[in-house]
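What follows is the residue order along each chain.
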Amino acid sequence: MDQIIIKVALVLVFLVFGAILLRPSASARNQAMRTLGLLVFLAAAIFAVVFPGIVNQLAVMVGVGRGADLVLYAFIVVFIGQALSTARKRRVHDTQITELARKMALSDPQYPERQTP
Amino acid sequence: MTAHNADTWLVVPLFNEATVVREVVRSAREKFPNIVCVDDGSKDDSVEEALAGGAVVVKHPINLGQGAALQTGLDFAFGQTGAEYFVTFDSDGQHRTEDAERMVERLRAEPLDIVVGSRFLDDRTNASALKKFVLRLAVLFERITTGVKLTDAHNGLRALNRTAVREIRITQNRMAHASEIVGLIGKKKLRYAEEAVQIIYTDYSRSKGQSLWNSVNILSELLIK
């Protein structure tokens, strides 16, 4: 099977995303990992722009034909990660909005005009 | 109105039911004097109609979903003096107060924390074959994932005591709350039983009834945290 390295790597990344998605936790560590990941990604992007030849070699090394394909794969991975983290964040916001709306509702109950005790 | 069921609160999620809610509340109050309707951001006169029927109304400032409304109503009722039993009840007239009464009586008489209504313990309720099939699938899914053995996964009629209300915290705002409740029954080891109830599928309730597409939504709500 050709391109085995890139296939394994991409599938692993997606599996990790999936695991993160199904596991509820938003710790300081996750936050830090995200920031660091973003920095690494930026550095890699700069590197790729400055040394396209090396990206090409890297692509050939992991079994992808061209550097451009490798960059595209990386983009897809980052994009999906972004989408998942946005969904996660939205759920947290939903919970907060629910609590807020519930407090508002409970702070002002309306009573019917008492015709019966 | 007598002291009958004075220790019981009916919790009724309310969303755009102005045409029927007054009558539903009025007739339910013949058996259950305490009713709280949780208005979930209705755009029509639901609030006024519910008040006219004799219910207490708490209002979500925005639409959050039926699960959220149930939790808000349970929070409200739980804080009322003398509240011992809680019944979740639909605002569109598809539940019968006779069923609700029997369920509360069971909570009083038997060592149970929660009694869940079931359409499938007898043959009174008419549902389409496809709907029955999907509901059976849901039941199977829940048995496997929660270990709780119920015959009707998504019956909105339930009676709870204070223990059950304390333990059950609904976080699924939209449709998946029914499965969430079943899951919590298993997880918190609540003592549960089923009671045969009849769902009145009127043309009105059918016209706005749950589409089967919702089963897909429910699954995704449950799985993606």
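Residues numbered from 1 in each chain as written. Chains lettered and ligands numbered in written order. Predicted model: local features only at pLDDT ≥ 70, side-chain atom pairs only at ≥ 80, totals over all residues.

Trainee: Before we go on, may I ask you to explain the overall build of chain A in this structure?
Mentor: Scanning chain A from N- to C-terminus turns up 4 helices and 0 strands. For chain A, the N- to C-terminal ordering of α and β elements is α-α-α-α. When each of the 117 residues of chain A is scored for burial, the buried share is 6%. Residue pairs in contact within chain A that sit at least 24 positions apart in sequence constitute 54% of those at least 6 positions apart. (Helix = DSSP H or I, 4+ residues; strand = E, 2+ residues; numbered from the N terminus. Buried ≥ 20, exposed ≤ 12 C-beta atoms within 10 Å, placed from the backbone. Contact = placed C-beta atoms within 7 Å.)

Trainee: How do you make sense of unusual backbone geometry when you look at a structure like this?
Mentor: Excluding glycine, a negative phi dihedral is what most residues carry, and trans is how most peptide bonds are arranged. All names here are of chain B. Even without being glycine, Asn 5 reaches a positive phi, approximately 60 degrees. With respect to the element layout, Asn 5 can be found in the segment before strand 1 (8-14). Asn 5 gets classed as buried once you count the C-beta atoms within 10 Å, which come to 21. Phi at Asn 16 takes a positive value of approximately 50 degrees, unusual for a residue other than glycine. Along the chain, Asn 16 falls in the loop between strand 1 and helix 1 (21-28). Classification of Asn 16 by C-beta neighbours within 10 Å gives partly exposed; the count is 18.

Trainee: Any chance you could explain the confidence of the model for chain B here in plain terms?
Mentor: Regions with low pLDDT carry predicted coordinates that are not meant to be interpreted in detail. Summing up the model confidence of chain B, the mean pLDDT is 88 and the portion of residues at 70 or higher is 92%. Interface predicted TM-score (ipTM) for the complex: 0.82; the corresponding pTM is 0.78. (pLDDT = per-residue confidence, 0-100.)

Trainee: In this structure, what is going on with the pairing of strand 2 (residues 34-39) of chain B? I would like to understand it.
Mentor: Working note: regular strand, side chains alternate between the two faces of the sheet. Residues and elements named next belong to chain B. Counting buried positions along strand 2 yields 6 of 6 residues, so the element is predominantly enclosed. Along strand 2, one buried face is formed by Asn 34, Val 36 and Val 38 and the opposite face, lined by Ile 35, Cys 37 and Asp 39, is buried too. Bridge count for strand 1 against strand 2 is 6 bridges, and the pairing is parallel. Bridge assignment links Val 11 to a residue of strand 2, and that residue is Val 36. One crossover worth recording links strand 1 to the parallel strand 2 by way of helix 1, and it is right-handed. The β-α-β motif built from strand 2, the intervening helix 2 (residues 46-53) and the parallel element strand 3 (residues 56-59) has right-handed crossover chirality. (Pairing = 2+ DSSP bridges. Right-handed = clockwise from strand over helix to strand, strands pointing away.)

Trainee: Help me out: how do you make sense of the environment of Glu110(B) in this one?
Mentor: The residue Glu110(B) is located in the loop between helix 4 (97-109) and strand 5 (114-118) in this model. When the C-alpha atoms of Glu110(B) and Leu10(B) are compared, they prove to be 20 Å apart, with 100 residues separating the residues in sequence.

Trainee: What exactly am I supposed to notice about the nonpolar core here?
Mentor: Looking at soluble globular proteins, one finds that nonpolar side chains tend to be buried together. All names here are of chain B. Within the largest apolar cluster, 61 residues are counted, with the highest numbers of intra-cluster contacts made by Val 11, Ile 35, Val 36, Cys 37, Ala 55, Val 87 and Ala 159. Considering each element in turn, this core owes the most residues, 6 residues, to helix 3 (residues 66-78). Discounting chain neighbours no more than four positions away, the residues touching Ile 35 are Leu 10, Val 12, Val 25, Ala 28, Arg 29, Ala 55 and Val 56. (Core = buried A, V, L, I, M, F, W, Y, C linked by C-beta atoms within 7 Å.)

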